[in-house]
Amino acid sequence: MNPDDVEKLRKALAAEHAALFAYGLLGARTSGSLRARMSAAFDAHRDCRDQLRALITARGGRPAEPEASYALPFFPSGPALAVKLAVHLETGVTAAYLELVAAQDVSLRRYAAQAMQEATARSYGFRPAQPPAFPGMPAAAPPPSPPASPSASQRGG
């Protein structure tokens, strides 16, 4: 058992607990095809939670328990905000698995990479916009603008 790997698993599990809480709320506040996608995401995160608990227990660790409630960054008062929250959740889950990709155990690295791919795909499914190059990583600062060329009046002409 590697204690660092177990702690990384616990952090991923904590992210899954938070996602389950939020998707439970989202499923109750949406309808139609959006609700079906929210329910599918809930089921996927429940499966991940169960897998993480088993991985932690198999390594002699104690799984992180869910909180009674989680603070949401905003309240999903309509379909657009529900989608925005779902994308936010998947980005957070991806970031949580990013640390697990550095585990010493090769099978955990593979598991984390697959989980990140699945979270990114779910995020893209909610809002099909171009995903970032490395989901879960902080956005890079834009490159500096080139200096403006002097105008004719500034060159003396």
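Attention in this report is confined to the structure presented alongside it.

Thresholds, definitions, all that
- Residues numbered from 1 in each chain as written.
- Predicted model: local features only at pLDDT ≥ 70, side-chain atom pairs only at ≥ 80, totals over all residues.
- Heavy atoms only, no water.
- Axes fitted to C-alpha atoms, helices over the stretch in contact; angles between N-to-C directions.
- Helix = DSSP H or I, 4+ residues; strand = E, 2+ residues; numbered from the N terminus.
- Parallel < 35°, antiparallel > 145°, perpendicular 65-115°, else oblique.
- Left-handed = near helix turned anticlockwise from the far one by under 90°.
- Contact = heavy atoms within 4.5 Å.
- Nonpolar A, V, L, I, M, F, W, Y, C, P; charged D, E, K, R; others polar.
- Expected span 1.5 Å × (residues − 1).
- Polar contact = N/O pair within 3.5 Å; in protein donor to acceptor, adjacent residues only side chain to side chain.
- Salt bridge = Lys/Arg side-chain N within 4 Å of Asp/Glu carboxyl O.
- Buried < 20%, exposed > 50% of the residue type's maximum accessible area, 1.4 Å probe, protein only.

This paragraph deals with the packing of helix α2 (residues 32-58) against helix α3 (residues 79-100). Pairs of packed helices are described in terms of their axes, by the angle between the two and the distance that separates them. For the pair α2 and α3, interaxial distance at closest approach is 12 Å and the crossing angle is 20 degrees. Classed by the angle they form, the pair α2 and α3 counts as roughly parallel. Crossing handedness for the pair α2 and α3: left-handed. Across the interface between the two elements, Leu34, Met38, Ala41, His45, Cys48 and Leu52 of α2 pack against Pro79, Ala82, Val83, Ala86, Glu90, Val93 and Tyr97 of α3. Of the residues contributing to the contact of α2 with α3, the split by class is 11 nonpolar, 1 polar and 1 charged.

All right, on to helix α1 (residues 3-29) then. Given a rise of 1.5 Å per residue, 27 residues ought to cover 39 Å, and the 39 Å separating the end C-alpha atoms of α1 matches this to within 8%. A side-chain oxygen of the first residue of α1 lies 2.7 Å from the backbone nitrogen of aspartate 4; this N-cap is asparagine 2.

Once that is clear, we can look at the pattern of salt bridges. As enumerated under the stated definition, the model contains 7 salt bridges in all. Between glutamate 99 and lysine 11 there is a salt bridge; the shortest N-O distance is 3.4 Å. Of this pair, glutamate 99 sits in helix α3 while lysine 11 is found in helix α1, placing the two residues 88 residues apart along the sequence. Classification of lysine 11 by relative accessible area gives partly exposed; the value is 40%.

So far we have only geometry, and geometry alone does not tell us how the molecule works.
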